[in-house]
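Okay, here's what each chain looks like letter by letter:
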Amino acid sequence: MSSHPGFRHPPLLAAEELRRRLTPAVSAAERDAADVAEEFPAAEVAVLDDYGLARHYVPAEYGGLLRDYESAAALMRGVAGHDLTVAIAHGKTYLGSVCTWVAGTAEQAHRVAALVSAGVPVSWGLTEREHGSDLVAGELTATADGNTFRLDGEKYLINNATRGGLATVLARTAPEGGPRGFDVFLVERSRLAEGTYTPLPKVATIGIRGADISGFTLRAAQVDTTDRIGAPGTGLETVLRALQLTRTLCSALSLGAGDHGLAEAVAFAGERELYGRRLAALPAAARTLTDCYADHLLNEALATVAARAIHTMTGELAALSVAVKYLVPVRTEALLARLRRLLGARAWLRDVRGGVIAQGTGRFQKIERDHRIVSLFDGNTVVNLNSLVSQFATLARGHRAVREPPPGLAVAADLAAPLPAVNYGALRLVPTRGIGLLHNLAPASAQLAELAGADPLLGPVAAAVRRLTERTETLLAEIGTQPIVPPDVPPYAFALARRLAAAVAAAAAVALWLGSHRYFVDGTDEPGSAAPLWRHGRWLLAVLDRVLGQESTVEDEVLDETHAVLGTVLAGQVAAGAMPSLLSLGSVA
Amino acid sequence: MTAPTLETLLGDPYDETNPTGHAAVLAADDAGEPLAAGEAVLDGWSVNAEYVPVALGGRLADVPTLIRRLRPVFRRDAGLGLGHGLTTLMAALNVWTAGTPEQCRRVAGLLLAGERISVAYHELAHGNDLARNALRAEPTSAGFLLHGTKQVINNAGRARAAVIFARTADPAAPPGGRDHSLLLLDDLDAVAGLTRLPRLRTSGLAGCRLAGLGFDGAAVPAGALVGEPGTGGSTALRSFQVSRCVTAGVGTALLEAALFGVYRFAAGRILYGRPVTALPHARYLLAGAFADLHIAQAFTHAAARSLHLCPAAAGRYAAAAKFLVPRLVEDALGDLAVVLGARSYLRTGPYAFVGKHLRDIAGLSIGHAGGVSCQLALLPDLPGLVLDEPAAPELFGTSPLPPLDFTALRMRASRPDPLLAALAPALDAVGGELAAGVRVELAELRAAAGALPVAERGVTAGHRSLALTERYAWLLATSACLNSPHAGDPLWTDAVLERIGLRSGRLGEPRTTTAAEAAFAVLTDRAERGRSFDLDPEPVVRTR
């Protein structure tokens, strides 16, 4: 077997490098004490500021380092894999500034870019105490007064609300509200009169205890007309378009949590003696680990393709982003729960890790606690599924005819292909031509069948893709027949939306393998290298089997061989201190 | 005059001034300390007497009654219920199972005096692997010298007494089945060479003060031995049968309380211009959790009654319930948290207890025999099950039960399986497509279990073999539901069968909501009338 290092994926290398920088910042005991005391993770945020992470939140055209979203997301994953509280505390600034990148003027963008690059935390004031995700019911008002607006009201459960120097605020500008009755404003605290912006007390949360989760009250806060982002009445639309970006990128937080949880579980299983054997050597336990790894790889494939699709399939993001935001956090929650059961009491004790008893070493409980926020913020599970359901009719129409997959798909799936700059103006509220990844299934199925002709070991993968394609066609036909009158969505439609999200994830995996396997298959076999996962479509087979569930076509024997390969690679990656990833080539320096 | 129930004594959990209400529970949880006011209520009510058999002067008549009486505590705080006393029960069960009459009297005396007893099995290096527990009891002419450490032991820092699982066999000898014994230390403060180790903090169940006991040549008298030397494992596995049923049973109370809380939230929360309860999906999630609760309770009810009525098979039901029920409760709590949204992530406010319950059920699931050890207890039995004789209807009803006969519990359950045997007749009685699906599943499980190679029946079993125990547990739960008196209501039966199909992964989501809507109507009615959502409802004190 070839031993040259082969393809190295720059975003992942950068993420691993950033994670290593964070490692010595604080001890486990300090981290635990800060978590208990609900202290902001200032030391590690300072490391990130030194690194200049915030500049990666700023598009290059405004002087920042954000050229591609895949790289930005990978950095956030690296931080999240170290500590999710830190990632959420720092990364929120991106969420706070994104409305400006999407709909602001160049002048506004330069202004926000300067603040973000200078390390000013930014918050995003969307939700309110009594209305949660029902943004149209928002009561914070903006009243026009000559060249200014007067803002009054409260935003609640807002990250960075107390520490932040800039808030991007959704406000009701028409008393009757409605879809055109809101605007987004830049509220820069240093420009406000004393006493008009009052942070609310920190909210006690189960996890991310150190993060600045609070809110603010505005009383006669005066902003300028030039602080309004976009044309009058476009606030909700701007927010919905911005959410397409943030929901796609939130997956990085889940990937980091999955990286961390898998590393803890693999280390435990490797040293734990049970019934006279190492836990990792007990077949059922080993399978639990590789099932979780397969789910993590599915998440990674979907998140990676979706982050690249921001650049190349921008108009489809309305569907892709909610599929990602629903599926990746929920599957990560489930895999963390499985790992928790494997770890037993270790998953629950705060001061025990392996055979060591020392304050704060029991990290797993914090990973799971911290991660639960990800499925709740920035559009929770119900919101995301609801959004998919609301697109059913249009999606069904888009799939009534066979279409060529959009040209951007090949670029999204080819990890070595350079990404074009994002055209934010191409963000659409509904994809009218269906979902390219699903249009791609039929040709992908044909392509795999052809490849299987040359490599018989690809036969099971080709069969699984064929099954996925058939199932997805049935599903797309079924969603078109759903009688839906929002908000009275029948529960069964939610089930269909979950299946649709799973189909999109599986289709992303298919596209990614086809588009990028050539970079990996000749890679090194050293421990931790992902190359063996790519050969003969092994990781793809494992994730398709997970998605297809009872309808899987994969034979037990083939599947067991596949999982054996996954187990070896996973153990090697964790031992090497690398991320459990499709994209790692091992040998982390 | 009848004694007040714990429900009355603990009072309205939604009253913010109530020292045993949700707000007070959350404050204590936040501080990482047991709820003192709750412990005082339990002491005042002499909850320990519930753990002492009637014949020994206590109030323990039967296990289902015990579960029912403890439910009010677990609705509010699993940490309180487990930390204050349930582990004392787990310790005492070993003595009820294998102790001499004198030991039983002494332990009964301790409990009735309000003392706590720690149950010390767990060692950090061995977890559920009892056979490899290393703490050593070295025999001497006067008794034993103890060497070693137990960790993650509830109340180890403050208990008066403890039951210790110790290796009494020669450490150099190869492992056998009779290497361990149980020792009753009835006054820990008097044991020289014993150190109470510092508390180990946990994420959740703050009411449990978990700590360690370190022994360095501590001398204990020969009379400390519970049962014959070498019977520690057997006694443990038999007393586990009772404690597994109790843990599973009280765990359902977390779901009951959360279901009310989330219903209350949803009825009062306006989204898109209407209460959340007007959204079909929210109603469906609530109704689904309601069905989950009833499945869990039907199963634990039958398992708990089997301890009295078919003790030879009860070990399997206890293990299956302990494995399945906390996980079902966790899944249901997860669904409820979805309805609650961001409020499920807060540590304050009237619904913060739901997030706490979701976190605590995981601890209840881990503590005292985790899921896989229960599955491994079931696996070797599956190939040889005999389904000749269905359980009598009494297993599912509420008729008075004979006293618990600890000597009738078996370390290894007998082959006849009355609960599973009762499934096929019940399916015939129910009829319909859902029942037909279960019948196919039963046949497939029987076939797969029959073909299970010997190598796949132990700890090295693969995931496919282990999955059979899960399917078996779901079939037991199905039998418990279909044989319950509630099965007379076809809508209830459809609701639980749909739900079991979904939760077990056998069926997809139902396309119609008829059963769920009917369940939601019952749920609303119960909430309005101040009745609990339990399978056997009771009056509950809570602000609607």
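Rules used throughout
- Residues numbered from 1 in each chain as written.
- Chains lettered and ligands numbered in written order.
- Predicted model: local features only at pLDDT ≥ 70, side-chain atom pairs only at ≥ 80, totals over all residues.
- Heavy atoms only, no water.
- Helix = DSSP H or I, 4+ residues; strand = E, 2+ residues; numbered from the N terminus.
- Rg over C-alpha atoms; globule rule 2.2 N^0.38 Å.
- Buried < 20%, exposed > 50% of the residue type's maximum accessible area, 1.4 Å probe, protein only.
- Contact = heavy atoms within 4.5 Å.
- Areas by Shrake-Rupley, 256 points an atom, 1.4 Å probe, with all protein chains shown as cover.
- Domains from an automatic or database assignment.
- Buried area = accessible area lost by both parts, 1.4 Å probe.
- Salt bridge = Lys/Arg side-chain N within 4 Å of Asp/Glu carboxyl O.
- Polar contact = N/O pair within 3.5 Å; in protein donor to acceptor, adjacent residues only side chain to side chain.
- Nonpolar A, V, L, I, M, F, W, Y, C, P; charged D, E, K, R; others polar.
- Expected span 1.5 Å × (residues − 1).
- Pairing = 2+ DSSP bridges.
- Axes fitted to C-alpha atoms, helices over the stretch in contact; angles between N-to-C directions.
- Parallel < 35°, antiparallel > 145°, perpendicular 65-115°, else oblique.
- Left-handed = near helix turned anticlockwise from the far one by under 90°.
- Core = buried A, V, L, I, M, F, W, Y, C linked by side-chain atoms within 4.5 Å.
- Phe/Tyr/Trp six-rings, centres within 6.5 Å; stacked < 30°, edge-to-face > 60°.
- Lys NZ or Arg CZ within 6 Å of the ring centre and 35° of its normal.

Regarding its fold elements, chain A presents 21 helices and 12 strands. A compact globule built from 589 residues would reach a C-alpha radius of gyration of about 25 Å, and chain A, at 24 Å, matches this within 12%. Dimensions of chain A along its principal axes, counting C-alpha atoms only, are 75 × 60 × 45 Å. The buried share of chain A, reckoned over its 589 residues, is 64%. In chain A, once contacts between residues fewer than 6 apart in sequence are set aside, the share between residues at least 24 apart is 79%. In the form shown here, chain A has an accessible surface area of approximately 19800 Å², with 55% of it arising from carbon and sulfur atoms.

Residues and elements named next belong to chain B. Taken as a whole, chain B is organised into domain 1 (6–112), domain 2 (117–227) and domain 3 (243–529). Just the C-alpha atoms count here: the centres of domain 1 and domain 3 sit 24 Å apart. At the junction of the two partners, domain 1 supplies 26 residues and domain 3 supplies 35 residues. Summed over both partners, the interface of domain 1 with domain 3 comes to about 2500 Å²; 73% of that surface belongs to carbon and sulfur atoms. Here domain 1 is connected to domain 3 by four salt bridges. Put simply, Asp 29 and Arg 359 hold a salt bridge, and the shortest N to O gap is 2.9 Å. Inspection of the domain 1/domain 3 interface yields six residue pairs in polar contact (both at pLDDT 80 or more). When residues of the side of domain 1 that touches domain 3 are traced back to their parent elements, those giving at least two are α2 (22–31), α4 (63–76) and α5 (78–98). Residue composition of the side of domain 1 that touches domain 3, by class: 17 nonpolar, two polar and seven charged.

Attention now moves to helix α10 (residues 317–343) of chain A. Between the first and last C-alpha of α10(A) there are 37 Å, a value that for 27 residues agrees with the 39 Å anticipated at 1.5 Å per step. In the segment just after α10(A), Gly344(A) is the residue with positive phi, at about 60°.

Each partner contributes residues to the interface: chain A has 63 residues there, and chain B has 61 residues. Counting each side, the surface lost to burial between chain A and chain B is near 5300 Å², with a carbon and sulfur contribution of 58%. Contact with chain B buries area across many residues of chain A, yet Tyr275(A), Trp348(A) and Pro491(A) alone supply 16% of it, more than any other trio. Our count for the contact surface shared by chain A and chain B stands at 10 salt bridges. Linking chain A with chain B are 28 residue pairs in polar contact (both at pLDDT 80 or more), by the criterion used here. Among the elements that make up the side of chain A that touches chain B, the one with the highest residue count is helix α18 (residues 491–520) of chain A (five residues). Residues of the side of chain A that touches chain B, tallied by class, amount to 28 nonpolar, 12 polar and 23 charged.

A word on the pairing of strand β3 (residues 143–154) of chain B. Residues and elements named next belong to chain B. In terms of strand pairing, strand β2 (residues 136–139) meets β3 through four bridges, oriented antiparallel. Bridged to Glu 138 within β3 is Leu 145. One ladder, built from 10 bridges, connects β3 with strand β7 (residues 210–221); its direction is antiparallel. The residue bridging Leu 146 from the neighbouring strand is Ala 218, located in β7.

Right, let's get into the pattern of salt bridges. Enumeration according to the criterion identifies 86 salt bridges over all chains in this entry. Its salt-bridge partner being Glu188(A), residue Arg111(A) comes within 2.9 Å of it at the nearest N-O pair. Here Arg111(A) is found in helix α6 (residues 106–117), whereas its partner Glu188(A) is found in strand β5 (residues 182–188), with 77 residues between them in sequence. The same class applies to Arg111(A) and to Glu188(A), which are both buried. Of the charged contacts in the structure, one is a salt bridge between Lys356(B) and Asp77(B), with a shortest N-O distance of 2.7 Å. Of the two residues, Lys356(B) is situated in helix α10 (residues 352–366) and Asp77(B) in the loop between α4 and α5; the sequence distance between them amounts to 279 residues. Asp77(B) matches Lys356(B) in its accessibility class, with the two residues each being buried. Through salt bridges with shared partners, a single ionic network connects Glu7(B), Arg68(B), Arg71(B), Arg75(B), Arg76(B), Glu256(B), Asp534(B), Asp536(B), Glu538(B) and Arg542(B).

Helix-helix packing: each pair is described by the crossing angle between the helix axes and the interaxial distance. Residue and element names in this part refer to chain A. It is the contact of helix α5 (residues 84–103) with helix α7 (residues 235–249), at a shortest axis distance of 9 Å, that shows an interaxial angle of 130°. Taken as axis vectors, α5 and α7 run oblique relative to one another. For the element pair α5 and α7, the recorded crossing hand is right-handed. Of the residues in α7, those in contact with Tyr 94, Leu 95, Val 98, Cys 99, Val 102 and Ala 103 of α5 are Thr 238, Val 239, Arg 241, Ala 242, Leu 245, Thr 246 and Leu 249. For the contact of α5 with α7, the per-class residue count stands at 10 nonpolar, two polar and one charged.

Quick look at the nonpolar core now. One finds Trp101(A), Trp539(A) and Trp96(B) to be the most contacted residues of the largest nonpolar core, which totals 352 residues. Here the element with the most residues in this core is α18(A); it accounts for 22 residues. For Trp539(A), the residues in contact, after removing those within four places along its chain, are Leu297(A), Ala301(A), Ala509(A), Leu512(A), Trp513(A), Leu533(A), Trp534(A), Leu566(A) and Leu582(A). Judged by nonpolar contacts, the second largest core, of 22 residues, contains Ala162(B), Ala166(B), Val191(B) and Ala218(B).

This part covers the packing of aromatic side chains. Residue and element names in this part refer to chain B. Scanning the entire structure with this criterion turns up 15 aromatic pairs over all chains. Members of the aromatic cluster, joined through ring pairs, are Tyr 14, Phe 260, Phe 290, Phe 353 and Phe 533. One residue, Arg 264, lies across the ring of Tyr 14, its end atom 4.2 Å from the ring centre. Sitting above the plane of the Phe 520 ring, Arg 283 keeps its charged end 5.9 Å from the centroid.

Residues and elements named next belong to chain A. Orientation of helix α9 (residues 283–312) relative to helix α20 (residues 538–548), taken along the N-to-C sense of each, is 100°, at an axis distance of 9 Å. The orientation of α9 relative to α20 falls into the category roughly perpendicular. Counting all contacts with α9, which are made through Asp 291, Ala 294, Asp 295, Leu 297, Leu 298 and Ala 301, the residues of α20 involved are Trp 539, Ala 542, Val 543, Arg 546 and Val 547. A breakdown of the residues in the contact of α9 with α20 according to their chemical character gives eight nonpolar, no polar and three charged.

With that settled, consider helix α4 (residues 69–82) of chain A. For α4(A), which comprises 14 residues, the first-to-last C-alpha distance of 20 Å matches the rise-based estimate of 20 Å (1.5 Å per residue) to within 8%. The N-cap of α4(A), judged by a side-chain oxygen 3.1 Å from the amide nitrogen of Glu70(A) a few residues on, is Asp68(A).

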